[in-house]
Amino acid sequence: MVKAPFLQAISVTKTYSGAEASGVKNISLDIEPGKITAIIGQSGSGKSTLLKLLYGLMSPDEGIVNFKGERIWGPEEKLIPGHDAMKMVTQHTNDLNLFARVWDNVSAMLPSTNVRLKEEKTEEILTQLNMMQLAKQRVADLSGGEKQRVAIARAIITRPEVLLLDEPFNQVDTSFREGLQHDIRQIVRETGLTVVMVSHDPAEVLSMADKLLVLKTGEIVEGGHPKSLYQNPLNLYTAELLTNCNVLNANEAKACGMRADKEYVVVYPEWIRINKVLKTSKWKVQQVLFKGFYEDLILENDGILLRVVNDEGKYNEGDMVSLNIKKWLEY
Ligand code: ADP
Ligand code: MG
């Protein structure tokens, strides 16, 4: 017998009443167990809708969502909406008890039938998520990012088979975000947890996902491994979501020395090399945007602007430079 797919959507459509271009359209996807699948899309592209459909917080108008071969029940069919084997964490942390300690918020998710086990599990999850030092604090006294960690701990401690994350790192400071992302990856690796996350932030999905799907106005337009998707996106939309890329029309591309057959040419800032060869240099450094260990330079020539990554720090505004474009994409 063939094993039933783990979590699967087949031609799923959901339209909100009164709003024609809303919700999601004809989505088919297969979520691989034990992996992190990330869905990226602009705001309003249908990410939250899709996640709710996968969880059973909403029923599709058409199509079907299956978990291990069984149709997921919608909210009309179930007393407590949401599939029992799944947990969802969103950017809202309003189901936390603000006046209770972190420890109690997390341990409250487990039954009290075995108090010893409950303590052990709580300590284990708080340790895995690097939160033991927060255990005695009241949730009300935590930062937004720390509350988010508590919400994730509460979701994971019940050992769901699937964890659904709806932009849960929004509140988390950049410096802590990487730590939290790493901890979640570690938990996925150690426990075989399946994660489906949605986000509009490329930094988040590129570093976390095993597989990336791109959602545009309610439809999945492409998918693949983050690295290959980043290097060779099929759509201009994807390139613009994943990078701060340069988009030129064919004429502008020609003026920059690129032969192009299609309408648009995309050059990532890191695909451009620059040097100061004084005589032939026709690009002017218009802006130097300091980014820490590197800079983004905005170059200008004949009204065309190009963003270039520079990690050498030897350029100043007003300098004239030449460039060498190593790679470009056409759309
Ligand atoms: P995302 O999470 O990617 O920002 P959503 O899934 O929240 O997108 O929304 C997708 C589209 O559906 C948007 O155009 C949004 O305005 C619309 N939409 C979402 N929820 C509702 C609703 N309850 N009623 C009407 N339209 C909605
Ligand atoms: Mg959303």
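Residues numbered from 1 in each chain as written. Chains lettered and ligands numbered in written order. Predicted model: local features only at pLDDT ≥ 70, side-chain atom pairs only at ≥ 80, totals over all residues. Heavy atoms only, no water.

**Looking at the site of ligand 1**
Step number 1: By nearness alone, every residue bordering ligand 1 is listed as Tyr 16, Ser 22, Gly 23, Gln 42, Ser 43, Gly 44, Ser 45, Gly 46, Lys 47, Ser 48 and Thr 49.
Step number 2: In this structure, Ser 45 approaches ligand 1 through a main-chain N or O atom, which is 3.2 Å from an oxygen atom.
Step number 3: Its free accessible area being 560 Å², ligand 1 has 61% of it covered by the protein chains.
Step number 4: Grouping the amino acids of the shell around ligand 1 by side-chain chemistry returns 1 nonpolar, 9 polar and 1 charged. (Near = heavy atom within 4 Å. Polar contact = N/O pair within 3.5 Å; in protein donor to acceptor, adjacent residues only side chain to side chain. Areas by Shrake-Rupley, 256 points an atom, 1.4 Å probe, with all protein chains shown as cover. Nonpolar A, V, L, I, M, F, W, Y, C, P; charged D, E, K, R; others polar.)

**Thoughts on the side chain of Thr 37**
Step number 1: Following the sequence through the fold, Thr 37 ends up in strand β3 (residues 36–41).
Step number 2: Judged by its relative accessible area of 2%, Thr 37 is buried.
Step number 3: Apart from the residues within four sequence positions on either side, Thr 37 is in contact with Ile 31, Glu 32, Val 195, Val 196, Met 197, Lys 211 and Leu 213. (Helix = DSSP H or I, 4+ residues; strand = E, 2+ residues; numbered from the N terminus. Buried < 20%, exposed > 50% of the residue type's maximum accessible area, 1.4 Å probe, protein only. Contact = heavy atoms within 4.5 Å.)

**Things to note about the environment of Leu 248**
Step number 1: Take Leu 248: it is sitting in strand β11 (residues 246–249).
Step number 2: Beyond its immediate chain neighbours, meaning those up to four positions away, Leu 248 contacts Ala 253, Cys 256, Met 258, Glu 263, Tyr 264, Val 265, Ile 304, Leu 305 and Leu 306.

**Quick word on unusual backbone geometry**
Step number 1: Phi is positive for Ser 11, close to 45 degrees, though the residue is something other than glycine.
Step number 2: Take Ser 11: it is sitting in strand β1 (residues 7–14).
Step number 3: For Ser 11, a relative accessible area of 32% corresponds to the partly exposed category.
Step number 4: Even without glycine at this site, Glu 167 takes up a positive phi of about 45 degrees.
Step number 5: By the secondary structure assignment, Glu 167 is in the loop between β7 (162–166) and α5 (174–191).
Step number 6: Residue Glu 167 is classed as buried on the basis of its relative accessible area, which comes to 9%.

**Points about the pattern of salt bridges**
Step number 1: Taken as a whole and judged by the stated rule, the model has 19 salt bridges.
Step number 2: A salt bridge links Arg 185 to Asp 210; the nearest nitrogen and oxygen atoms lie 3.3 Å apart. Note that Arg 185 is positioned in helix α5 and Asp 210 in the loop between α6 (202–208) and β9 (211–216), a separation of 25 residues in sequence.
Step number 3: Classification of Arg 185 by relative accessible area gives partly exposed; the value is 22%.
Step number 4: Since its relative accessible area comes to 24%, Asp 210 is described here as partly exposed. (Salt bridge = Lys/Arg side-chain N within 4 Å of Asp/Glu carboxyl O.)

**Here's the deal with the packing of aromatic side chains**
Step number 1: All told, the structure shown has 4 aromatic pairs when counted by the stated rule.
Step number 2: Both rings, one in Tyr 268 and one in Trp 271, keep their centres 3.9 Å apart while their planes meet at 10 degrees; by these two values the pair is stacked. Trp 271 shares its class with Tyr 268; the two are buried.
Step number 3: Ring geometry for Phe 293 against Tyr 294: centres 5.2 Å apart, planes inclined by 65 degrees, an arrangement best described as edge-to-face.
Step number 4: Site record: aromatic cluster; members linked through ring pairs are Tyr 230, Tyr 268 and Trp 271. (Phe/Tyr/Trp six-rings, centres within 6.5 Å; stacked < 30°, edge-to-face > 60°.)

**Examining the sheet that holds β11**
In any sheet, the strands associate via hydrogen bonds between backbone groups, in a parallel or an antiparallel arrangement.
Step number 1: As summarised here, the arrangement of the 3 strands in space is β11-β12-β18, forming an open sheet in which the pairing is antiparallel. Two strands bound the open sheet, and with one partner strand each, they are β11 and β18 (329–330). (Pairing = 2+ DSSP bridges.)

**Section: the domain arrangement of the chain**
Step number 1: The domain boundaries assigned to the chain delineate domain 1 (7–241) and domain 2 (245–330).
Step number 2: Just the C-alpha atoms count here: the centres of domain 1 and domain 2 sit 38 Å apart.
Step number 3: In this assembly, 7 residues from domain 1 lie in contact with 9 residues from domain 2.
Step number 4: At the boundary of domain 1 with domain 2, total buried surface from both sides reaches about 630 Å², with 57% on carbon and sulfur atoms.
Step number 5: Looking at the side of domain 1 facing domain 2, the largest losses of area belong to Tyr 230, Gln 231 and Leu 236, adding up to 60% of the total buried there. (Domains from an automatic or database assignment. Buried area = accessible area lost by both parts, 1.4 Å probe.)

**Points about the layout of surface pockets**
If you roll a probe as big as a water molecule over the atoms, it shows you where there is empty space left.
Step number 1: What the largest pocket holds in volume is close to 610 Å³.
Step number 2: Taken together, 21 residues line the largest pocket, and the ones lying closest to its centre are Tyr 230, Leu 242, Thr 243, Asn 244 and Tyr 294.
Step number 3: Per element, the largest residue contribution to the lining of the largest pocket is 4 residues, and it comes from helix α7 (residues 226–231).
Step number 4: Considering only residue class, the lining of the largest pocket consists of 11 nonpolar, 3 polar and 7 charged.
Step number 5: For the lining of the largest pocket, the two domains that each supply at least three residues are domain 1 (7–241) and domain 2 (245–330).
Step number 6: In this structure, the second largest pocket occupies an estimated 400 Å³ of space.
Step number 7: Looking at the lining of the second largest pocket, the elements that each hand over two or more residues are β6 (86–89) and α4 (144–157).
Step number 8: Among the residues making up the lining of the second largest pocket, the classes are represented as 11 nonpolar, 6 polar and 4 charged. (1 Å grid on protein atoms, 1.4 Å probe; cavity = no way out; pocket = protein on both sides within 12 Å on 5 of 7 lines; lining within 4 Å. Points joined across faces, edges and corners; volume = space filled by probe spheres on them.)

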